[in-house]
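Survey of secondary and tertiary structure
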Amino acid sequence: PRSGASPLPSPTGVDGLATPAPRSVVGSQAARTPRLGSPGARSDAPSSRRGPRIAHRGFLGSPPRSAYRREQEDEPLDAPEDGNFLYGTDINEMTVVRGFLRFLDEFRLPETEGPKSLYIAQLHRLWEECTQKERGIKFPISADHIHMFSVALYQQMVNFPTEVIPIFDRELWSLSVRLLNAEPEALGVCQVQVHTLLAKDSRIMRSMNPNDIEKLMSLKGIVIRVSDLMPDMLAAVFRCTTEDCKNEVSVPLSHWAIEEPTRCELCGATHSFQVVHNDSSFADKQLLKLQEPPELVPDGETPQNVAICVYDDLVDSVRPGDRIEVTGIYKAVPVRPNTNMRQCSSVYRTFVDAISIVAEKKGRVDTPADEHEFEQGKPPRLADQPDLDPEHIPEDEIRWNKKVRELATQKDADGNLEIMRKLVQSFAPSIYEEDEVKKGLLCQLFGGTPKAAGVTSKGRCRPEINTLLCGDPSTAKSQLLQYAFKLAPRGVYTSGKGSSAVGLTASINKDPTTGDLVLESGALVLSDRGVCCIDEFDKMDDSARAILHEAMEQQTVSVAKAGIVCSLNARCSILASANPKESSYDMKQSVVENIHLPKNLMSRFDFIWLMLDKRNKDMDSRLATHLVSMYSVAGMKKHREPPIDAELFRRYISFARRWVFPQISDPAAEALVKGYLDLRNQGTTKGTITATPRILETLVRISESLAKMELREEVTEADVVEAIRLLQTATYAAATDPETGLVDFDQFTVGKSRKQREREREIATMLQEILAERLSSGDPYTSIDGVKQIMNERFGERKEQLATDAEFMSALRDCEQQGLCRRQGKTIEAR
């Protein structure tokens, strides 16, 4: 049976707090924070009195205290007084108790309403929301608030968290018993969740040192690995194996270990006890691997990793790829070089005992709603104002949501909505023009409407939009990638040459703790529900690019390695940039000939933007003026701020992804069908393909994203028209055959236009005729140059373009594969 595990949802009193963390309890193989009142940590509090029935690290086992009241209003918080000092510290227990109770009773924010203080009101609300009070609650407290109220109490908590935080837990439980007038046995443990430490107590991984051990700290990073669930023993039941005895003894965790009884008190037998696992108490435990975020890694250094131990409710609360901020206690434990010996190494292994986990949201878009919400029923409607419900949404988010709604309704002098123009101007404002490309990238960030898996026969219909930027150097392709990456809710930025197939999917590594083979997620899996940015896409190895075929359409990555067979989710948008083979883009060649990419991979991109460096004097002058103004003194004074500030811009995209789910109206559906048929019939002959069913799905996704930008729940005909225009500006401009000036999508599937394929067939047919004539003449042997000369003479008689060396050799190889001829040096034998 699990002890302390709770299915309660996260409290809504604090913005951004993830699933509440339990007080850390570590198994016998790892360091555990000793409980006050246990043999592992000294305490003078009585242990025989009543308390919560659930074993808890931080509970002293004492009865509810009487309410604290200061005798004098001007009594200082840290006034010296008689009482018990915590073992190994200079902290008086009563000082901590009085300071914490004063904080709960008196702390208020300017916006706090009502007679109750902020945290007393939060305590009442959490107990009201708790359906199983015997399981207890998780109580989030901002360390910043504690510092505002009392610097001394904050310093005690940070310097001695192992001793002080359990006192917080005990006093909060005692206060709950008094406020609710409940029986002590009816209320479970109260565990304080401390978060949002001051900046001076936030650490980067490479600056952590032995001085930080056993202190409270916060770390930011990216989760790169999550272990399986492990049972962590809290109390063991031992049974005597003597035939007529069967005496059972329960031994709780004490000083990091559970000591087996050596002698049975009932029968007197020695060393006769055996563990009964089914009757023992366990807690959930999980190990996380946290890596430094890229922006905090110094130049020339590799990212550092830190092990994080999470327990109970924090288990499975994060996934690989999440950016989180962990508040916990930095610990060090000895390591046994040989498990069969009690000797320990002088080098200790460190980890962070997690107290709370907060999702890092600053500057990033929130992750959209899960698709299982749509399987339960219809998605929420914006008209019902679910984003303004105070029962489920914090006050701070409600204020931002009102600002977002107000921004979406602003109109210009002509009465038209101007949110679209403001969004484009606020996206990467330092990059000059390229408004069409910016609008396409905004469509990718907003995304389409997720569909339930059962709606379509083929399974999941992806709402993510894939984009490829290709063209001349110095056209801000990488800058646009960086801006989109920093704004994405989660994702990975990688380069084509430095990426392998294993790095994109998953790698097999040995777990240092258990020794088992485990999967570590690659870039595509870490970018699930986000954006995977790949720079220098054209320089990626063929084996790595082959992985993208499945990920870009099926949105999964299948792995079969070392006996591990699984399919991992890779529901991410691909944003890639590529340079031409000859550095500069050749307008006389197609996009497939310019960029070294697999042909069938090109058709999986919804947008293919050609970013060309066009020579125009007026445009060059405006661009130079814009660039110089970013660095000159006079230009900085004239610099205009974007119409939407960065935080509101991020909140706007998050709001649209979370609450807006546009549905296609009947007029929009008719416009989609008509637009698709018009695109399909652009070809001059039946052999020319100008649109595929993938293009229709692309139009659906783009139309939904355009409706999301204006927070509309219905896709209109105007959205479809704009989607077709964007598609023609981007992908259709790239799919235009430079020789004929017509759209030919065969370039993306076959790699050659219709005219090129007809030319190849014509050359191959003529070569076969020449070989057949040589064979019928009785002399099958001839030279390669002679055959080519005969072919060009016939083309000259027809007044057609002569065959080039590449075209002739390609036709000759085809004839060899078909067995029509055999080549020996410069001689051909017709067969």
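Structure's up top.
Structure report, in brief.

Scoring rules and cut-offs
- Residues numbered from 1 in each chain as written.
- Predicted model: local features only at pLDDT ≥ 70, side-chain atom pairs only at ≥ 80, totals over all residues.
- Heavy atoms only, no water.
- Helix = DSSP H or I, 4+ residues; strand = E, 2+ residues; numbered from the N terminus.
- Expected span 1.5 Å × (residues − 1).
- Buried < 20%, exposed > 50% of the residue type's maximum accessible area, 1.4 Å probe, protein only.
- Contact = heavy atoms within 4.5 Å.
- Polar contact = N/O pair within 3.5 Å; in protein donor to acceptor, adjacent residues only side chain to side chain.
- Patch = residues over 30% accessible without salt bridge, like charges linked within 9 Å, V, L, I, M, F, W, Y side chains within 5 Å.
- Areas by Shrake-Rupley, 256 points an atom, 1.4 Å probe, with all protein chains shown as cover.
- Salt bridge = Lys/Arg side-chain N within 4 Å of Asp/Glu carboxyl O.
- Lys, Arg positive; Asp, Glu negative; His and termini not counted.
- Charge placed at Lys NZ, Arg CZ, Asp CG, Glu CD.
- Core = buried A, V, L, I, M, F, W, Y, C linked by side-chain atoms within 4.5 Å.
- Phe/Tyr/Trp six-rings, centres within 6.5 Å; stacked < 30°, edge-to-face > 60°.

This part takes up helix H1 (residues 93-106). For H1, spanning 14 residues, the distance from its first C-alpha to its last is 20 Å, which sits close to the expected 20 Å at 1.5 Å a residue. For H1, a buried count of ten out of 14 residues is recorded, marking the element as mostly surrounded by other parts of the structure. For H1, the set of buried residues is Glu 93, Thr 95, Val 96, Val 97, Gly 99, Phe 100, Leu 101, Arg 102, Phe 103 and Leu 104. Where H1 is buried, its residues contact helix H2 (118-129), strand E1 (137-142), helix H3 (143-149), helix H4 (151-159), helix H5 (161-180) and strand E2 (190-195). Measuring from the backbone nitrogen of Met 94 back to the side-chain oxygen at the start of H1 gives 2.8 Å, which picks out Asn 92 as the cap.

A cluster of acidic residues, Asp 666, Glu 670, Glu 714 and Glu 717, forms a negative patch at the surface. Note on placement: Glu 717 falls in helix H21 (residues 717-734).

What follows concerns the side chain of Ser 272. Residue position: Ser 272 is located in the loop between strand E6 (248-252) and strand E7 (273-275). Not counting chain neighbours up to four residues away, the residues in contact with Ser 272 comprise Arg 239, Cys 240, Thr 241, Thr 242 and Cys 264.

Enumeration over the complete set of coordinates arrives at 28 salt bridges. Note that Arg 421 is salt-bridged to Glu 418, the shortest N-O span being 2.8 Å. The exposure class assigned to Arg 421 is partly exposed, which follows from its relative accessible area of 41%. Each of Glu 436, Lys 439, Glu 722 and Arg 725 takes part in a single network of salt bridges with overlapping partners.

Ranked by size, the top nonpolar core spans 66 residues in total, and within it Leu 423, Phe 427, Leu 480, Tyr 652 and Leu 711 carry the most contacts. Residues contacting Tyr 652, with those up to four places away along its chain left out, are Val 404, Leu 407, Ala 408, Ile 419, Leu 423, Phe 446, Met 709, Glu 710 and Leu 711. Ranked by size, the runner-up nonpolar core spans 42 residues in total, among them Val 96, Trp 127, Cys 190 and Val 194.

A few words now on unusual backbone geometry. Positioned with a positive phi, Glu 214 is a non-glycine residue whose angle comes to about 65 degrees. Mapped onto the elements, Glu 214 comes out in the loop between strand E3 (202-203) and strand E4 (216-226). Positioned with a positive phi, His 271 is a non-glycine residue whose angle comes to about 50 degrees.

Right, let's talk about the packing of aromatic side chains for a bit. Counted under the stated rule, the structure contains eleven aromatic pairs. Considering the side-chain rings of Phe 107 and Tyr 119, the 6.2 Å spacing of their centres and the 35 degrees angle between planes classify their relative orientation as tilted. Taken together, the residues Phe 107 in the loop between H1 and H2 and Tyr 119 in helix H2 connect sequence positions twelve residues apart. Here Phe 107 matches Tyr 119 in class, with each residue buried. Plain terms: the ring middles of Tyr 119 and Phe 139 are 5.9 Å apart, the flat faces sit at 55 degrees to each other, and that makes the pair tilted. You can see Tyr 119 sitting in helix H2 and its partner Phe 139 sitting in strand E1, a full 20 residues away along the chain.

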